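A look at the structure
In case you want the letters, here they are:
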Amino acid sequence: PGTPCLPCHHLKDVEFLGHTRCDNFTSERDTLSKLFIATGGEFWLDSKSWQSEAPVCRWSGVLCEGGDLQDTRGITSLKLESNGLSGILPSEIWSLPSIRLFNGKGNPNLFVDFEGLANAAVSLERLYLSGVEMASIEGVSAATSLKELHLTGNELKGK
């Protein structure tokens, strides 16, 4: 109330009428910064350019639409396999608007849950989380675009 709606000039074509969020590279940078801090980024095996002023599309393990290196298009892949991530994966990762692939496999001290995964349901196609910690896969079904899911070696128990 009292605040007019403003256009999202950088909002991409969206699948659903009524989107209420404007996603931009500032929020993508903030999300990646949360990831870095929450998972001990200073101890990662490869953290080249992370937390720097360089475009996020030039940070190690970050790939952007069409090979973009100047942050003019969205982050499509995070490839952080066997990189020494340790801690809890922030749920904001699932909110990256263009994310299609997340590869965090081979980080045995990384705890992952699927809270907030519904935010990625439009774009997330491949999820590689073999060899990480997780208590359950509850919520993974919210990613309706998922085509590949790798969860081996997670010591999941139950039905």
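Residues numbered from 1 in each chain as written. Predicted model: local features only at pLDDT ≥ 70, side-chain atom pairs only at ≥ 80, totals over all residues. Heavy atoms only, no water.

Okay, the pattern of salt bridges next. In this structure the tally under the stated criterion is 4 salt bridges. Here Glu-92 and Lys-34 are joined by a salt bridge, their closest N and O atoms 3.6 Å apart. In this pair, Glu-92 sits in the loop between β3 (86-88) and β4 (101-103) while Lys-34 sits in helix α1 (residues 25-38), placing the two residues 58 residues apart along the sequence. For Glu-92, a relative accessible area of 29% translates into the label partly exposed. Of the charged contacts in the structure, one is a salt bridge between Glu-65 and Arg-100, with a shortest N-O distance of 3.0 Å. Taken as a pair, Glu-65 in the loop between β1 (62-64) and β2 (75-79) and Arg-100 in the loop between β3 and β4 lie far apart in primary sequence, 35 residues in all. (Salt bridge = Lys/Arg side-chain N within 4 Å of Asp/Glu carboxyl O. Helix = DSSP H or I, 4+ residues; strand = E, 2+ residues; numbered from the N terminus. Buried < 20%, exposed > 50% of the residue type's maximum accessible area, 1.4 Å probe, protein only.)

Inspection of the secondary structure assignment puts Asp-46 in the loop between α1 and β1. With relative accessibility at 38%, the residue Asp-46 sits in the partly exposed group. In this structure the C-alpha to C-alpha distance between Asp-46 and Asn-83, which are 37 residues apart in sequence, comes to 6.4 Å. Beyond its immediate stretch of four places on either side in the chain, Asp-46 contacts Ser-60 and Asn-83. (Contact = heavy atoms within 4.5 Å.)

Glancing now at unusual backbone geometry. Here the phi dihedral of Ser-49 falls at roughly 75°; this positive angle occurs in a residue that is not glycine. Structurally, Ser-49 can be placed in the loop between α1 and β1. Residue classification places Ser-49 among the partly exposed residues on the basis of a relative accessible area of 25%. Not every positive phi belongs to a glycine, and Gln-51 is a case in point at roughly 70°.

This part takes up the state of the cysteines. Cysteine pairs can be linked by a disulfide, which is a covalent bond between their two sulfur atoms. With the rule as written, the count across this model stands at 1 disulfide. Shown here is the disulfide that connects Cys-57 with Cys-64, its sulfur atoms set 2.1 Å apart. Between Cys-57 and Cys-64, the S-S torsion sits near -95°, and that sign places the bridge as left-handed. You'll find Cys-57 and Cys-64 in the same group, each marked buried. (Disulfide = S-S within 2.5 Å.)

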